[in-house]
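Here is what each chain is made of, one letter per residue.
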Amino acid sequence: MTAAFLPLDELEVLLTDNAELLHRQAHPTHLEQDDQVSIMVFRPDQRDERKLSVRQGSQLTAEQAYNAHGEEGLESLGTLTVTVAEVGSLGLRAVDDSATDGAPEAHAFVDFRAVEHRDRAEMKSIAGLLHRHALARGWTYRP
Amino acid sequence: MTAVGGDVRQNEAMAMAQDFARLRFAGGRFDHGTGLHADVLEEVTTYKRILTELAKVVFRRENSGRVRVPKGFEDRLDLRLVDVEAGSQIPVLDRIAASGELLVPEDEYDRAQDLFTQIIDAAFTPTDIPRDLMAVVPMFSKFGTSLRAGEWIGVPNSRNDEVRYDRTTRARLIEASGEPYRADAELLGWVSDLNAQAGRFELRLADGSATPTGEYGRHWNEFHRAVGPTPEEGRRVRVAGYVEFSARGEARKFLTVDSVAVLDTWEWATERIEELQTLPPGWLGNDAGAAISLEAATAMMTLIDRLELDAVAKPPPIFPTGEGGVQAEWVFPVLTVSVESDSDGSFFCHRVGRTLDSADSLDVPAGHAADAADWLAKALGPAS
């Protein structure tokens, strides 16, 4: 079950424009074919500390987000995109943390910290529904 | 070359363990102070990884070009750091036999040590490196990354003669691997194009890394059998042949096609899981992404074997999880079903429909694949 949101840090800003796009990169191992992308693309892994990394569509296009990811030495097969509204519909929020120390350009995160850590089922449900929203939109960038 | 010592232990008790290798870290920091420098551990890990790939080359050479190694092949190289000898820094690696087995006096891994030193010896004359070793040469970019000027690693061959590997050697091997290369390979994927007029096929690789092309020659029937209305509706194939790779290791084209196997679901799942087991630790980047555990792989194969997939749903794509497990997924327009085998072999089954409220899940302990299969059959039933 979701718990209360944690307070934001000083330099973090809640994203409130429901139409804002949030670009997420798909790791090569999370794709078997063009239309079989793993739902794990939208599940935070141990790097994320339950903060799913995305780039803000108001600042970068899907292609620019892909390129920025690569410039950090990270692999991606392309960009999948959800919106702030879709994140909000699942009881989560999107946070702009691009002003914090060491944050990549135009970075933001989908805040899974409101999901109880033990509630694996809910993490997977949210990831599955974000994945469905993204697939309905299709790849927003494939090199 | 310099002998660095080390004998195979002879008595029966010692046949469970073998004095396998001494890597000498010398020069610079390694000639001063006590204790093992932490950087050495990473180099030892990479040494083992390269040696494993070279042992596969030995196996292929000695088994008429068979591309796939036997199940459990990689597990046969169980190295333990048992000592650090004085005089520079020399981690002593013993090889341990698998449970219930004894080590044979010499096998592919011992002979792989000779290929390791052969590659190093040929760093300045890369044309001397046999073509089946070129696929392994790019891995040397990860070996010796911690070496500073004046430092070197003495790498032993199977006779414990040592060759010197330093920053210059590494740079030359990286340079040598910067060219496209050709190698025997077996690639897994879907037939994304089959052109009878041109006599050519295109293979979309299962890992999404490339779409090599080639002439189908006498294999028209097999390719044609694998083609579906769309690539994703076709059947997976395993194509073995002589392949040209880019410098980055991407398959470009088949120069020859030796065999084409159209795979059923079980074969596919097995091959996919075995492929995922080759992912090195840190595969997600930034040191994240644990290697797939044997328990997780075995559990998923057991589960897939129990599922009557053709009866309940389409075969699932299988993905690695960042925590050392694997996950099979079925995604439909308003239903997403997944089963994850965790690194300890337990399962987590999950489904979600239109909304969060529609979700359902089940924890299944290790060794109870039948329970996970039953749950999945019910979860997938309405979708099939």
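Before reading on, note that the structure itself is shown above.
Just so it is clear, the model here is predicted, and its values are computed rather than measured.

### Topic: the overall build of chain B
When you go through chain B residue by residue, the secondary structure sums to nine helices and 17 strands. Considering chain B as a whole, with its 384 residues, one finds that 49% of them fall into the buried category. Accessible surface computed for chain B: about 17,600 Å², of which carbon and sulfur atoms make up 47%.

### What about the environment of P105 of chain B?
All names here are of chain B. Turning to its location among the elements, P105 is positioned in the loop between β5 (90-96) and α2 (108-121). As for P105 and Q18, which are separated by 87 residues in sequence, their C-alpha atoms are 8.9 Å apart. For P105, the residues in contact, after removing those within four places along its chain, are Q18 and D110.

### Describing the interface of chain B and chain A
Listed as interface residues are 46 residues of chain B and, on the opposing side, 31 residues of chain A. Summing both sides of the interface, chain B and chain A together bury roughly 3,000 Å²; the carbon and sulfur share of this comes to 52%. Seen at the junction of chain B and chain A, the total is five salt bridges. R43 of chain A is the partner of E323 of chain B in a salt bridge, and the nearest nitrogen-oxygen pair spans 3.4 Å. In this structure, the connection of chain B to chain A is made through 16 residue pairs in polar contact (both at pLDDT 80 or more). Looking at side-chain class alone, the side of chain B that touches chain A contains 23 nonpolar, 13 polar and 10 charged residues.

### Observations regarding the packing of aromatic side chains
All names here are of chain B. All chains considered together, the criterion is met by 13 aromatic pairs over all chains. With a centroid separation of 5.1 Å and 65° between ring planes, the pair formed by F116 and F140 is classed as edge-to-face. Note that F116 is positioned in helix α2 and F140 in the loop between α3 (131-134) and β6 (152-156), a separation of 24 residues in sequence. Relative to F143, the ring of F140 has its centre 6.4 Å away and its plane inclined at 85°; by these criteria the two rings are edge-to-face. Like F140, the residue F143 is buried in the burial classification.

### Description of the packing of helix α7 (residues 294-306) of chain B against helix α9 (residues 369-380) of chain B
Helix-helix packing is characterised by the crossing angle of the two axes and by the distance between the axes. All names here are of chain B. Where α7 meets α9, the closest approach of the two axes is 9 Å, and the angle between their N-to-C directions is 50°. Accordingly, the angle class assigned to the pair α7 and α9 is oblique. Considering how the two elements wind past one another, α7 and α9 form a crossing that is right-handed. The residues of α9 that touch α7, namely those facing T302, L303 and R306, are A369, A370, A372, A373 and L376.

What counts, and where the lines are drawn
Residues numbered from 1 in each chain as written. Chains lettered and ligands numbered in written order. Predicted model: local features only at pLDDT ≥ 70, side-chain atom pairs only at ≥ 80, totals over all residues. Heavy atoms only, no water. Helix = DSSP H or I, 4+ residues; strand = E, 2+ residues; numbered from the N terminus. Buried < 20%, exposed > 50% of the residue type's maximum accessible area, 1.4 Å probe, protein only. Areas by Shrake-Rupley, 256 points an atom, 1.4 Å probe, with all protein chains shown as cover. Contact = heavy atoms within 4.5 Å. Buried area = accessible area lost by both parts, 1.4 Å probe. Salt bridge = Lys/Arg side-chain N within 4 Å of Asp/Glu carboxyl O. Polar contact = N/O pair within 3.5 Å; in protein donor to acceptor, adjacent residues only side chain to side chain. Nonpolar A, V, L, I, M, F, W, Y, C, P; charged D, E, K, R; others polar. Phe/Tyr/Trp six-rings, centres within 6.5 Å; stacked < 30°, edge-to-face > 60°. Axes fitted to C-alpha atoms, helices over the stretch in contact; angles between N-to-C directions. Parallel < 35°, antiparallel > 145°, perpendicular 65-115°, else oblique. Left-handed = near helix turned anticlockwise from the far one by under 90°.

Everything listed here is a matter of geometry and, on its own, says nothing about what the molecule does.
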